[in-house]
Every structure is written in C-alpha cells, then in structure tokens.
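Architecture at a glance
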Amino acid sequence: MKVRVYFLFLFFGLNQMNFLWAQTKSINLQKNDWQFRKAGDEEWKKARVPGNVHQDLMAISALPNPFLGNNEKLVQWIENEDWEYQCYFEVDSEAFSFSNISLKLKNLDTYAKIFLNGKLLAETENQFRTHTFDAKSFLKIGENHIRIHFESAVKKGKELAKKLPYTLPGGEAVFTRKAPYQYGWDWGPRLVTCGIGEIELECWNNLKIESISQVQNFLADSSVYIQFKIKVHSEQKCIVYLLLLCPELGENQNRLLNLNLSKGENLVQTEIHIKQPKLWWTNGLGEAYLHHFKFLLTYQQKILDQTELAIGIRKLNLVQTNDKFGRSFYFELNGKPVFMKGANYIPPHNFLNHLDKSIYSDLVQKAKEANMNMLRVWGGGVYVPDAFYKACDEQGILVWQDFMFAGGLYPGDSAFLNNVKEEIKDQIIRLRNHACLAIWCGNNEIDESWKNWGYQKQYRYTTSDSTEIAENYKKLFLEIIPKEIALLDPKRPYHPSSPEIGWGHEESLKQGDSHYWGVWWGMEPFEKYEEKVGRFMSEYGFQGMPDYKTFEKFMTNFSNEFDSASYKNHQKHPTGYQTISTYAARDFPEPKNFREQIYISQLTQARGMRIAMEAHRRNMPYCMGTLLWQLNDCWPVISWSAIDFYGNEKAVYFEIKHAFNPLLLSFKEEQDTLYLYLVSDKQEALTGELKLQIIQFDGQIKFQTKLAKQIAANSSSIIYKLAKTELSKLGINPNKIVVNASFSSQENLVRTNYYLVKPKELLLETPKISIKKVGQDKFEISSNTLVKDLFIYEQKSEQVMLSENYFDLLPNETKTIEIIWINSNNLPFSIEDIYFINLNQLHVRTNK
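Residues numbered from 1 in each chain as written. Predicted model: local features only at pLDDT ≥ 70, side-chain atom pairs only at ≥ 80, totals over all residues. Heavy atoms only, no water.

Notes on the overall build of the protein chain
This is how the line gets drawn: Under the DSSP-based scheme used, a helix requires at least four consecutive residues in state H or I and a strand at least two consecutive residues in state E, with every element numbered from the N terminus. Every radius of gyration here is taken over C-alpha atoms, with the globule rule written as 2.2 Å times N^0.38, N being the number of residues. Throughout this description, buried means an accessible area under 20% of the type-specific maximum (1.4 Å probe, protein chains only), exposed means over 50%, and partly exposed covers the range between. Reported accessibility uses the Shrake-Rupley method at a 1.4 Å probe radius. Residues are deemed covered only where the shown protein chains occlude them. For the purpose of counting charges, residues Lys and Arg are taken to be positive, whereas Asp and Glu are taken to be negative. His and the chain ends are not included. By convention, charge coordinates are those of NZ in Lys, CZ in Arg, CG in Asp, or CD in Glu.
Secondary structure assignment for the protein chain yields 17 helices and 44 strands. Taken over C-alpha atoms, the radius of gyration comes to 29 Å for the protein chain, in line with the 29 Å a tight globule of 848 residues would show. Taken over the C-alpha atoms alone, the protein chain extends approximately 95 × 65 × 65 Å along its principal axes. Within the protein chain, the fraction of its 848 residues that count as buried is 58%. Total accessible area computed for the protein chain in this model is approximately 35,100 Å², and 47% of it derives from carbon and sulfur atoms. Taking the average location of the 98 positive side-chain charges in the protein chain and that of its 100 negative ones, the two points are 2 Å from each other.

Observations concerning the sheet that holds strand β43 (residues 814–821)
How we decide: Whether two strands pair comes down to DSSP finding at least two bridges between them. Each axis is a line fitted through C-alpha atoms, and for a helix only the stretch in contact is used; angles between axes span 0 to 180 degrees, taken between their N-to-C directions.
If you trace the 4 strands from one edge of the open sheet to the other, you get β38-β39-β43-β41, paired in antiparallel fashion. Every interior strand has two partners, whereas the edge strands, β38 (769–775) and β41 (800–802), have only one. Between one strand and the next, the sheet's axes are offset by a mean angle of 30 degrees, whatever the strand orientation. In the sheet, β41 pairs with β43 via 3 bridges, with the strands oriented antiparallel. The partner of Val800 across the bridge, within β43, is Trp821.

Overview of helix α14 (residues 594–618)
So the rule is basically this: A helix is expected to span 1.5 Å for every residue after the first. Definition of a polar contact: a pair of N or O atoms within 3.5 Å, with one able to donate and the other able to accept a hydrogen when the atoms are protein atoms, and with sequence-neighbouring residues admitted only if both atoms are side-chain atoms.
In a regular helix each residue adds 1.5 Å, so 25 residues correspond to 36 Å; α14 covers 36 Å between its end C-alpha atoms and thus fits that length. For α14, the buried fraction is high: 23 of the 25 residues fall into the buried class. Its side-chain oxygen 3.2 Å from the backbone nitrogen of Arg595, Asn593 forms the N-cap of α14.

Observations regarding the environment of Ile695
For the record, the criterion: Note on definitions: a residue-residue contact is assigned when non-hydrogen atoms from the two residues lie within 4.5 Å.
Tracing the backbone shows Ile695 in strand β33 (residues 686–696). Separated by 116 residues in sequence, Ile695 and Thr579 have C-alpha atoms that sit 34 Å apart. When near neighbours in sequence (up to four residues on either side) are disregarded, Ile695 contacts Gln700, Ile701, Lys736, Ile737, Val738, Asn740, Leu810 and Pro811.

Section: the side chain of Ser601
Relative to the assigned elements, Ser601 resides in helix α14. At 3.0 Å, the side chain of Ser601 and the backbone nitrogen of Met545 are in polar contact. Here Ile598 takes part through its backbone oxygen, which lies 2.9 Å from a polar atom of the side chain of Ser601. Ser601 has contacts with Gln543, Gly544, Met545 and Ile580, leaving out every residue within four places of it along the chain.

Considering the packing of aromatic side chains
Test applied: Any two rings among Phe, Tyr and Trp, with Trp reduced to its six-membered ring, count as a pair given centres within 6.5 Å; such a pair is stacked if its planes are under 30 degrees apart, edge-to-face if over 60, and tilted if neither. By the criterion adopted, a ring carries a charge over it if an Arg CZ or a Lys NZ lies within 6 Å of its centre and within 35 degrees of its normal.
Summed over all chains, the structure comprises 58 aromatic pairs. The interplanar angle of 85 degrees and the centroid separation of 6.3 Å between the aromatic rings of Phe329 and Phe331 together place this pair among those described as edge-to-face. We classify Phe329 as buried; its relative accessible area is 1%. Through successive ring pairs, a cluster of aromatic residues spans Tyr166, Trp450, Trp453, Tyr455, Tyr459 and Tyr461. Of note, Arg535 hangs over the ring of Tyr622, and the distance from its end group to the ring centre comes to 4.2 Å. The ring of Tyr646 has Lys553 sitting right over it, with the charged end atom 4.0 Å from the ring centre.

Observations concerning the packing of α14 against helix α15 (residues 651–659)
Operational definition: With respect to orientation, any angle under 35 degrees is reported as roughly parallel, any angle over 145 as roughly antiparallel, any angle of 65 to 115 as roughly perpendicular, and every other angle as oblique. The hand of a helix crossing depends on one turn: near helix anticlockwise from the far one by less than a right angle means left-handed, and clockwise means right-handed. Ten residue types, Ala, Val, Leu, Ile, Met, Phe, Trp, Tyr, Cys and Pro, are classed as nonpolar, four, Asp, Glu, Lys and Arg, as charged, and the remainder, Gly among them, as polar.
Two elements in contact, α14 and α15, have axes whose closest approach is 8 Å; the angle formed by their N-to-C orientations is 20 degrees. As summarised for this structure, α14 and α15 are arranged roughly parallel, according to the angle between their axes. Two packed elements cross with a definite hand, and for α14 against α15 that hand is right-handed. In this structure, α14 contributes Gln602, Leu603, Gln605, Ala606, Met609, Arg610, Met613, Glu614 and Arg617 to the contact, and α15 contributes Ala651, Val652, Glu655, Ile656, His658 and Ala659. Residues that form the contact of α14 with α15 fall into these classes: 8 nonpolar, 3 polar and 4 charged.

Structural notes on α15
Across the 9 residues of α15, 7 count as buried, placing the element largely inside the fold. Taken together, the buried positions of α15 are Ala651, Val652, Tyr653, Phe654, Glu655, Ile656 and Ala659. Elements in contact with the buried residues of α15: α5 (358–369), α14, β30 (625–628), β31 (663–670) and β41.

Focus: the pattern of salt bridges
As a working rule, side chains carrying opposite charge can pair if their charged atoms are close by. To be explicit about the condition: Any carboxyl oxygen of Asp or Glu within 4 Å of a side-chain nitrogen of Lys or Arg constitutes a salt bridge here.
Counting across every chain of the model gives 45 salt bridges. The salt bridge partner of Arg376 is Glu539, with a shortest N-O separation of 2.9 Å. Remark: Glu539 occurs in strand β29 (residues 537–539) and Arg376 occurs in strand β24 (residues 374–377); sequence separation between them is 163 residues. Residues participating in the shared-partner salt-bridge network are Glu527, Asp587, Arg607 and Lys758.

Describing the packing of helix α7 (residues 414–431) against helix α10 (residues 463–488)
The contact between α7 and α10 brings their axes to 10 Å, and the two run at 35 degrees. In this structure, α7 crosses over α10, and the sense of that crossing is right-handed. Two secondary-structure elements touch here, α7 through Phe416, Leu417, Val420, Lys421, Ile424, Lys425, Ile428 and Ile429 and α10 through Lys475, Leu476, Ile480, Ile481, Glu484, Ile485 and Leu488.

Quick notes on unusual backbone geometry
Peptide bonds are, in most cases, trans, and in most cases residues other than glycine have a negative phi. Residues Ser498 and Pro499 are joined by a peptide bond in cis, for which omega reads 5 degrees. Along the polypeptide, Pro499 turns up in the loop between β27 (494–495) and β28 (514–515). Here the amide bond leading from Trp629 into Gln630 is cis, since omega sits at 10 degrees, within 30 degrees of zero. Relative to the elements of secondary structure, Gln630 occurs in the loop between β30 and α15. The phi angle at Ser222 is positive, at roughly 75 degrees, despite the residue not being glycine.

This is how it looks when you write it as structure tokens:
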C-alpha cells in the first residue's frame, strides 16, 4: 500500500509550498514526575497522573482506603479543600519548530486553574469536556513548569446555589458539571474528588484534521452512500491532498481529493457508494462487522496528519407509532425489529482516572456472554472512555447514551447553559461515528421527578419559582440538546428523558420507555412483574448481596456480623437490608448464618429478575426491550448489580444468561392452566422437537411427551398447555415435582425448569452429590435427587470462575462445568477445593 500511495503522488505531480514539511508530535506529560499538595501547604508529595487526590493521599498513607470498613466517613474533609498538582517537563527544539503547540486535557476534574511557567493559561469548569489550549507562547525550550490548582467543587457548587432565590433538588451537585454519583447514590459512597486525566502537548504545523462525521443513506436496492464531512483547520491558504482508504472495500473505493484550503476552518465533503455492503449486526443476530477507514492529509510523499475511523454499516431506527394500545417504542436494525436485552451501566469505580482501559472491554464482554445486545449508559455517572464504545462496536452491543444529568433539577443561567452546550458538542462529535450508538437521551428521571415526586410542595416553590424551573428544563432538554444533535448527528434519535412517564401512571406502560419500581420501592410482590409490562422497560431491579469474598475484603476485622458499622455503611439504601429480607421471607427458607444470608439474597434477586425478564420477552412485540438495573458496581457494596465490584458474578447474572438466550422457554400460570411459551429472537423460522417431562425429585418420571413444533421468526408464542386438573389425575405432589421442558432444533437447544410452588414450599431431600474431574479445566457433577439452586464455590483461589452456577441439577443428570481462569492458566486445581451450598441443605434443616 505504501508503494501504491507513492505512485499516486507521482501521477498527480504535486507541487506545493515548502511550509508543509512535517507531521505532528505529542509530548505525554503523564510520564513526568508529578507532585501534589493541599493548597496552602509548603511540602509537595508524590502524585500519579492520571489520578485523583484521594488515591494520591492513600499512596502516601495519609488517608485510609474509603472502600474499606467505615472509612468513607473519615475522608469527607477532602471535598472541602483546594488541591494543587505540579510537574516539570522538557520541551526540546524539535517541538518548538512546530508552528503550534497545544495543551490537551481530558477528564480534568473539575474547577481548575492551569499555570504554565507561572502564568495563568486557562480556567476550566467542566469535567466532561476535552480542553485544548494554545500553549506555545507560554512555553520555552528546556525545562518548563505546570501547576494546576483545583478549587473545591463542593464549595463552588454551594456558592452558586446561594445565588438562586430557591433551592434546587440535588443540592450543590447540580451546579457543577461533574460526575453526579461522586456526591453519593443509593448504591455508592460520597467521594467528591479532583484530579487530572489524560494530559499531553500536541505539536502540529499549519493544518490538521479536526473532526470527521459520516452519514449513511440506504437506497431501495440495499446499496448505501456514505457521506463524509471532514473539518480541516489550516493556518494559511494552501493546496494539499486527502487520501481515503478502506482495506475492507478494496482499492477501487480509495479516494484522492485535491483540497484548496482557505485560512481557518474548512469543510471537505466526499462520499462513497457501496452496492452490496456487509452490514453490522447486534450480538445474537450476526457479525458486528466493521469497515476501517483511514484519512490522510498528504503532500510530497509526507503525511501531514491522519486519523482512523471504524464504521459499522447499518440502518437503525427508533420506531414510535400509534397503535391500539398506545404508542410503540422499539428499535429496528437493518429493517428488522430487534428486542433489546441488556442492563444499565454505571461507572466501574469511584476513582476512574487510574483505571486500565481493559476494565471497559471486560464488562462489555461480560454483557455479550450474558446474551445482551444493549447497555444503557446511565446519566448520573460519566461519559465512558473510548475503549468502552470501541468494545461495544466490536461485540455488537448497542448503547443507549444518557447525557450526564440525573438526581435533581438544573439551573438555567447563561453561563451554565453555555458550559453545557460545549460539553454536548464535545460528546456528540466524539461518539457519533460509533456503530453501537443507538440513541441520545437527555437525562435520567428528571422529567418524572418534577412531575411526580412532590418537589413543589417539599421545597415550597412559588408559582414564579416553578415556572422558572420548568422553563430552565425546557431550554436545556427540549431546545439546546436536540438542536445540537440536529446539527451534529442528525440521523440519531433523541429521547428527552427516561422514563417518558413515571411508574405510578397507567400510561407509563402504554408508551415510551418505563422505569418500573413497584417491586422494591413499592414492596409489590415479584409476581407484579407479570402484569406491569411496558413497551420498553429501561429500568427495574432488585438488590442482591455481593460474594462472600467481597465482604471479606471490605469488612475490616471480618466477623460475619450483620450489625457491624462497615456492614451497614456498605448498604446505601435506607431500608435495603430489610427490603431484601422481606422479599426473601416470602419465597425462601430462613438463612441461619452469614454465608447463607448472602446466598439467599442472591437467589431472591435472581428469582425476581427472572420473572421480570421472562414476562417482558413473552410479551413481544408489545414490549420490545428490557434493561435491568444494574450491570456493575463502583465500589464493594450491596446493590442491584449482576456483577459485584471485584468481578464476581451473582446468581442473577446466570439468570440473565438464561433469560436472554436467543431462544427462551418460559412457563406462565393463568388460573388452572400452565402455558409454555417459546420466544425466538432468530431471524428465521425454526422447526424442532419439544420435550416435556414431569419429574419427581427422586427421579421418577410421572409424565412425558415429545412433539414437533414450529416457531416463527422473531416471535413469542404458546407451544404447549397443561391443565392443572391433568396433574391431579397423575396423583403427584406439587411440592415434590419439577416440570422440565426442552426444545431442540438443528444447532439450537434450550431448556427450562418450572416449579408449581414457591421455593420455600418445596419438599427437597438430602442429595448425594458426585463430582469428577474430566480434564484440566472441566469437571462433571451429578446427584441422585434434584438439587435446587446449586452454588459451587472454590475456597482457596480468586482466579477461578465457573461457566455455570446457581443451577438446578436434575436427578441422575450429569452436568459438565468449565473452569475459567481469570488472570492465569494451568494453576493447580483440585476438586477437594470445591464447596457447595444448595437449597436442599436449608430445607432439610428446616424440615427437621
């Protein structure tokens, strides 16, 4: 390819002015020795960049780890102090030979004054922006000094709040463009930090590519035109060339454009026509195929600037049409309606700057393995780093992207709105070319909170106050944000607020997206999920305790005590433990020790979410999406997550895998009949065999049948009915049987188990469990009687995860479990290190 490019240059006989002589150069300031101090102190201490003040204080043993024990309460003083960072760095003569040197900062958190060699370069007030400043006139050849002064965001927010004649819900947090969750949530600590993300000097000559956007226009013959808009900044009037390459399309689609640039910003437009494009699909529907485009600004065999873009060619629409029920809300990908299965994503840590980018790709991989095809980036966290969206592009995971507004109402002064407007521009430009990006959403629960949570009475607003607050909401979410999307990303749908209507209103289940919290907040039984099915369920959830090893890590002087200070501090919901216990007592036997408490809480969470997820999928196409709350944690905590802070998969994670399988068998009881549904996400009809058995816990088969069945593409249908009167004729005890169903079709096999009574009412027996190692990374497990909710754990190592867990083991069934090594392979592993907990143990003890 390099030779071919060279001949292209010879062929066009380029002749140009000699000021375009070099490319670009970056000076990474993160590699330098940084120091920090509390403002006003004389002594500087060693710091880490990227990083934050909390972790820097921990590194010098000046602060206890706020994730451990009750230490969170001991570190609150930090948020009220100002902090400073500094470092010395070299700028050589080569760097100074460039006509421009810019200082570029990402995730600068938040109120910062930047000094270069003692002179104020700039001030910032938005964590969510990429800040770029012209720095050359502040620098010198040789040693340079940078100092960044961070003002307390808490103090700054409170000062801004005092300027209003009324109080806004959300406190000082809503006045700062800073991650809302840092101020605390009902699953996260209050750790309001400051620090530096990525920081570098960019050296460049007279022109550079500033941004690229692409829009795909499909024709009736399924071919596509991709229109590119490239913004090029030039310091002078000049003629250069733009070379566009895409190896997946071959040389015939290469483009060489002659650019006659003016001084300042230039807009270059070009397009390519692809007759039979290979399309991008979500997980479960096909390959997430990406085309890799390269854009090069060139002159005389030299690359002046270049950038790359990975594009998924796909047609994605949000369909909202009136129907006999209300109004639909579903996504259509490449002409096919797609049921969205996924979860809400929150930041994976309270201190993000130091994280290895692999944590984002690992979470996306976990989502894919759980058969998800969508993640919602919730609006109370941060805009996620590029690594997350890259992984979603590659794994076929669509992203519902909230803008970062949640937990309150926001001011509407011009300074705040102008600040937000620049943030919105930055994020749209950064994310708009990702195939994974499905929808922009203005905020999380702000419209609902204003209309339904009683703020007007609680804060004693006057009519004038309420009018102003409502107008400020309208300006931001109904005017500024959609206007910027229309300009910068015109083909992407925008949803002003999630949910569209609050869960206490009947209309919330008939149109838009729904957050249903009657279960948990409303203390309604899990069975209510069968009734409360909306058009797109974007939030619902239930808490489960994290893994036992997680408790060992964060509970200092671990003593298995339910009432310790650290135990209480790691439950941020005011009635969380009581709510879990209340729901658990409805369905499960009483736990007698700490490990059983964890186990039962996870089974309770998994049972509730299974009922919800299956109800949502059975009701397709009325319901076309289910995103449970939540995928992950930001610290070790008792929460709604499926994966705890240390990466341990809760019982609900395995239920998600089951419920989100492209093929789902799901039972539903109505009056005196048991209905079996087969739900298919497959884009083709399937013919296969249904096998249904009624099995006693001792292994006796009381009833069985095999039937040929056909299921339409992308559908949910009843494939079997069983009257309860038929069960009574068989003379069986409903407390001692399991209904087992399977459907097999070519390479597809799906199974499910159903019980006619609640788990605590089952008459389970003491099992004889056999385990046998069948390879270095596999073992087989079987039992003489049914084992309910078998949890397998390995006591010695934290490097082991299992391919399946928290499952029912049928009598005389042999199940093969794969051992998954997290960080290393070929470690010594013995089946003697394996332990079990199962519901049989608790039942037998209770029955005795």
